[in-house]
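Reading the structure
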Amino acid sequence: MKIQLIAAAISFSLVACVSTEQKQVVLDSQTTIASDVTTSDVIAREVLAKPSVGVTSATKITLEKIMSNPDWFGRSPESWYWGDDSQTVFYKQKRQGNPLRDLVQKNLSTQGNGELVKLAQMHVVADTNAVLNNSRTHEVYTFEGNVFVKALATQTVQQLTYTSAVESSAMFLTNGNIAYRVDDIFYAHDMSSQKIIELANLKMTDAEKPVLDTPSYIAAEQHELIEYVALQERNKDLRAEQKRQLRVKNSTVTQTNFYLGKGNKVVHASLSPAGDKLVVSVATDKSPGKDSDIMPNYIANDGDIKAKKVRTRVADNRQYAEQLYILDLSQGTKALLSYDSLPGFDEDVLASVRKENYAREGKKYKSEKSARNIHVMQTWEPIQWQNNGQQVAIMLEAWDNKDRWITTVDFDRKALVSQHRLHDDAWINYTFNEQGWLNNAESLYYLSEESGYAHLYLKPLNGKARALTAGNFEVNDLTVSADEQNIYFKANKKHPGIYEIYKVNIASGKVTALTDLGGMNNYTLSPDEAKLLIEHSEITSPPELYVKDMTNNTEAMRLTHTVSAAFLAMPWAAPNVVAIESSHQAQPIYSKVYLPKGYDKTSAKNKAVMFSHGAGYLQNSHLGWSGYFREYMFHSMLVQQGYVVIDMDYRASKGYGRDWRTAIYRHMGKPEVQDMRDGVNWLVENANVDANRVGTYGGSYGGFLTLMSMFTDPELFQSGSALRLVSDWAYYNHGYTSNILNMPGDDPIAYERSSPIYFAEGLEKPLLINAPMVDDNVFFQDTVRLVQRLIELEKQDFETAIYPVEPHGFVQPSSWLNEYRRIYKLFETTL
């Protein structure tokens, strides 16, 4: 057997596979394997999940239990954050039996899970969007649409606004005043005089005097020949300039209107901390949709059929661009920031794709340079000002998904200055786009995949960038220390499926591990920067909160115990995370493998089920609690009944670098199915599985892979269930699909070879289709069209179950139970 040991560096206690019969032997202080296996012949059980508390229980796992309301197994902390004193934490918790959330306050020194925050005190502690002033003595935040200021030393709270309007984007200005936004109007609140000052009013109309870029012939002739007309125009200009000068020179005058064009909308608007400039991006407000972009809802509360408006399809989506302006609030002027200064702004990045598609039609494509559509990137805080408001960083992306730019602004020239360009022949990742300023060093920090993995870089404005992290792992979730000496981050540095917290010293580049918990860890730094609040989970354990004191380097202390005794008593399976050798690339395919007790001792070979996760770009073979918790419990039930189960992070999955992510570019469904075949082959060779007794299932992208595997490799599985499936990528959304397959008009080849509906004639084995009808993510139409295609192909061995009230992610326990009863019946019948 070809086996790979991958756990030698794992620093939490590793345990054996699902079977509890094997003894343990320690390879080193941090790694354990079964005693009947040598280090040179390990059954790829390299990282073995911590066993569940109830692993020895004889309790039978049932569908009725695991598909019931998930409140039964616990209500984990959500939306957690530090209190101002660094001794208190807050988190939200779902109420038992209904969707409402309560805010809970927990002191680090007290026992229990904490106490509910009284509604009358919510405005004091619900400051999750708080912004500190530069001296870190006060914070400003919004609560229920009003603005509040808190003195941190005394915890005194001052409410600044009492309005029915919704104030947002509250911030401190460098002069000590506070600014906020109401719709498209920006205000400053003078903290001395309590006066409200309007800074800018963004008007989505044309100015009183429209600017004609190309006046008509007769208009130009009129101005040239008729002196009266020219004189009137000059007088208008003089009066407008006089009004502008009056506002600039006389502080009592309020004239803050900026006209950004009729039919436009503000997409991004970011005020300088100095209160003197505003970066604004605008786009047309015209909906790209059609009247036919609807979704019928047959189970409405009044008995009527409702037509809900839904997104456009990628095949119908128009090109998108934004105009970017810098507004000078002190002078009352605006300037358009041209994209022409960006390297590659006019490159024909799809030339090779278009050439291939033209050739198929017997045509020849001529590549020409042309300005690309560019816009502010849709990511968290894409516009970042320096603390002093003197400079700004703007993250931009091309509509064709091939380029990302980080720019600053030359305010004198009213021009963008490119600081970094990230180009990807496939597509720019929608994650790993964090950026910010090191204000003391006049430098930018940012994440980039340019090395093949997401890493942290530092760039002086007039210097070269240098990498602060490097290696075959992913970095994200950045926090800069107050003194700007260190940057904290989360990374899967020691194993692709284990995420710990680290810090890097900016000067030396030294990386220090701050946690050693194993599993999945998310964090937030305490206000005094002495502690980490950590959300920790493992495969067999839902998330709980921990605190790590970094001053004495003690072990992380658990704060909450929210998982129910009923859940802990169940004999949940503990899968192995296996590095399965690939027959198509050097990098292995990390997979969860669930092995039943005595799997290798039965005379009859085992039956097996392969689960394919959704989203495509998602990681599920990690060592933390999965969002697919129902599937995890279902797999435990199958293992209890003698099934082997495998859950693969096929190519396209998250956590394994850029090349793994983009392996599906222009051909979704081929690399993944190749990986699925490698997974089945591994089970046959290593888990005593009968190749003729393997089934598959998955939802969304996993439903798509069920179809592609059964249509294009019909001997691979004996049966499959496709849930909320994609059958034709031309019907999916623009943001996701155009990244991977370009646009249908440019690249029909990619869509046709990636869409299951084109390969439906390949169906030979039993297929179960489960489809929610009010799915505004993957439309029910995908199922309807595929079913009609199968009918026309005279296919018989398929069934369709519909769920009239369910969206993409099922909600009702009765629907979950019905769906999984059908899946279970399929496997019991066919395997």
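Refer to the preceding data block for the structure.
Below, the structure is looked at part by part. (Residues numbered from 1 in each chain as written. Predicted model: local features only at pLDDT ≥ 70, side-chain atom pairs only at ≥ 80, totals over all residues. Heavy atoms only, no water.)

**Here's the deal with the overall build of the protein chain**
Just so we agree on the cut-off: Only DSSP runs of H or I with at least four residues qualify as helices, and only runs of E with at least two residues qualify as strands; both kinds are numbered from the N terminus onward. We take the radius of gyration over the C-alpha atoms and set the globule estimate at 2.2 Å times the residue count to the 0.38 power. Each residue is assigned to one of three classes by its accessible area relative to the maximum for its type, calculated with a 1.4 Å probe on protein chains only: buried under 20%, partly exposed between the two thresholds, exposed over 50%. For accessible areas, the Shrake-Rupley method is used with a probe of radius 1.4 Å. Any residue's cover is judged against the shown protein chains and nothing else. Counting rule applied: Lys, Arg positive; Asp, Glu negative; His and chain ends not counted. Note that the charge is assigned to NZ on lysines, CZ on arginines, CG on aspartates and CD on glutamates.
The helix and strand tally for the protein chain stands at 14 helices and 47 strands. The C-alpha radius of gyration of the protein chain comes to 30 Å, within 12% of the 28 Å expected for a compact globule of 831 residues. In terms of its C-alpha atoms, the protein chain occupies a principal-axis envelope of roughly 100 × 70 × 60 Å. In the protein chain, which comprises 831 residues, the share counted as buried stands at 54%. Summed over all atoms, the accessible surface of the protein chain reaches about 36,800 Å², with 49% contributed by carbon and sulfur. Computing the positive centroid from 85 side-chain charges and the negative centroid from 99, the protein chain places the two 0 Å apart.

**As for the packing of helix α7 (residues 629-640) against helix α14 (residues 813-830)**
The description of two helices packed together rests on the angle between their axes and the distance between the axes. Applied cut-off: Working convention: axes come from line fits to C-alpha atoms, limited for helices to the stretch in contact. Angles between N-to-C directions cover 0 to 180 degrees. In this scheme the crossing of two helices becomes right-handed for a clockwise turn of the near helix relative to the far one and left-handed for an anticlockwise turn of less than a right angle. Only heavy atoms matter for contacts: two residues are in contact if any of them lie within 4.5 Å across the pair.
At a minimum axis distance of 12 Å, the contact between α7 and α14 shows a crossing angle of 40 degrees. In this structure, α7 crosses over α14, and the sense of that crossing is right-handed. Every residue of α14 that contacts α7 at Arg 630, Glu 631, Phe 634, Met 637 and Leu 638 is listed here: Trp 816, Tyr 820, Ile 823 and Tyr 824.

**Some details on α14**
Let me state the cut-off plainly: Under the convention used throughout, the expected extent of a helix is 1.5 Å for every residue step, that is, one less than its residue count.
Taking 1.5 Å per residue, 18 residues should reach 26 Å; α14 reaches 26 Å between its end C-alpha atoms and fits that length. Looking only at α14, the buried set comprises Ser 815, Trp 816, Leu 817, Glu 819, Tyr 820, Ile 823, Leu 826 and Phe 827.

**Brief notes about the nonpolar core**
This is how it is decided: Nonpolar cores were defined as sets of buried Ala, Val, Leu, Ile, Met, Phe, Trp, Tyr and Cys residues, with membership established by side-chain atoms within 4.5 Å.
In this structure, Trp 572, Met 633, Phe 634, Leu 683, Tyr 697, Trp 729 and Tyr 820 are the most contacted members of the largest nonpolar core, which totals 97 residues. Residue contributions to this core peak at seven residues, all from α7. Ignoring anything within four residues of it in the chain, the contact list for Phe 634 reads Leu 63, Ile 66, Met 67, Tyr 697, Tyr 820, Ile 823 and Tyr 824.

**Remarks on the pairing of strand β22 (residues 333-336)**
Operational definition: Strand pairing is assigned whenever DSSP identifies at least 2 bridges connecting the two strands.
As defined by bridge partners, strand β21 (residues 323-328) adjoins β22 across four bridges and the pair is classed as antiparallel. What sits directly across from Asp 328, in β22, is Thr 333. From the end of β21 to the start of β22, which pair antiparallel, there are four residues, and Gly 332 there has a positive phi angle of about 70 degrees.

**Things to note about unusual backbone geometry**
Positive phi values are uncommon outside glycine, yet Arg 136 reaches one of about 60 degrees. With respect to the element layout, Arg 136 can be found in the loop between β8 (131-132) and β9 (138-143). Its relative accessible area of 40% is what places Arg 136 among the partly exposed residues. Within the chain, Asp 183 stands out as a residue other than glycine whose phi angle is a positive 55 degrees. Residue classification places Asp 183 among the exposed positions, given a relative accessible area of 63%.

**Considering the side chain of Thr 312**
Within the secondary structure, Thr 312 is located in the loop between β20 (306-309) and β21. Accessibility expressed as a relative area gives 10% for Thr 312, which makes it buried. Apart from residues lying up to four places away in sequence, Thr 312 is in contact with Pro 288, Gly 289, Asp 293, Asn 317, Tyr 732 and Asn 733.

**With respect to the pairing of strand β40 (residues 576-580)**
In terms of residue burial, β40 counts as a mostly covered element, since five of its five residues are buried. Residues Asn 576, Val 578 and Ile 580 point to one face of β40 and Val 577 and Ala 579 to the other, with burial holding for every one of them. The pairing of strand β3 (residues 47-48) with β40 spans two bridges and is antiparallel. Bridge pairing in β40 places Val 47 opposite Val 577.

**As for the packing of aromatic side chains**
Note the following rule: Between the rings of Phe, Tyr and Trp (Trp by its six-membered ring), a pair exists once the centres lie within 6.5 Å; its type follows the angle of the planes, with under 30 degrees stacked, over 60 edge-to-face, and the other angles tilted. Charge-over-ring contacts are defined here by two conditions on Lys NZ or Arg CZ: a distance within 6 Å of the ring centre and an angle within 35 degrees of the ring normal.
Enumeration over the complete set of coordinates arrives at 39 aromatic pairs. Aromatic side chains Trp 72 and Phe 567 sit 6.3 Å apart centroid to centroid with 50 degrees between the ring planes, which places their arrangement in the tilted category. Placement of the pair is Trp 72 in the loop between α1 (63-66) and β4 (78-82) and Phe 567 in helix α6 (residues 565-568), with a sequence separation of 495 residues. Using a relative accessible area of 1% as the deciding quantity, one classes Phe 567 as buried. Ring geometry for Phe 634 against Tyr 820: centres 5.0 Å apart, planes inclined by 75 degrees, an arrangement best described as edge-to-face. Within this pair, whereas Phe 634 is found in helix α7, its partner Tyr 820 is found in helix α14, the two being separated by 186 residues in sequence. Neither residue differs from the other here; Phe 634 and Tyr 820 are each classed as buried. Through pairs of rings, three or more aromatic residues link up here, namely Phe 611, Tyr 628, Phe 634, Tyr 697, Tyr 803, Phe 810, Trp 816, Tyr 820 and Phe 827. Geometry around Tyr 325 places Lys 334 over its ring, the cationic atom sitting 5.1 Å from the centre. Residue placement shows Arg 724 over the ring face of Phe 810; its charged tip is 5.5 Å from the ring centre.

**Here we look at a nonpolar patch on the surface**
Using the following cut-off: Candidates for patches are residues over 30% relative accessible area with no salt bridge; among them, like charges are joined within 9 Å and nonpolar side chains (Val, Leu, Ile, Met, Phe, Trp, Tyr) within 5 Å. By salt bridge we mean one thing: a side-chain nitrogen of Lys or Arg within 4 Å of a carboxyl oxygen of Asp or Glu.
A cluster of nonpolar side chains, namely Tyr 298, Ile 299, Ile 305 and Val 805, defines an oily patch on the protein surface of about 400 Å² accessible area. Structurally, Ile 299 can be placed in the loop between β19 (294-297) and β20.

**Examining the pattern of salt bridges**
Under the defined criterion, the tally for this structure stands at 39 salt bridges. Close ionic contact of Arg 677 with Asp 713 constitutes a salt bridge, the shortest N to O distance being 2.8 Å. You can see Arg 677 sitting in helix α9 (residues 670-686) and its partner Asp 713 sitting in the loop between α10 (701-712) and β45 (719-723), a full 36 residues away along the chain. Of the residues examined, Arg 677 reaches a relative accessible area of 29% and is grouped as partly exposed. One salt bridge connects Glu 819 with Arg 724, and the closest N-O pair in it is separated by 3.6 Å. Here Arg 724 lies in the loop between β45 and α11 (734-741) and Glu 819 lies in helix α14, a separation of 95 residues in the sequence. Side by side, Glu 819 and Arg 724 carry an identical accessibility label, which is buried.

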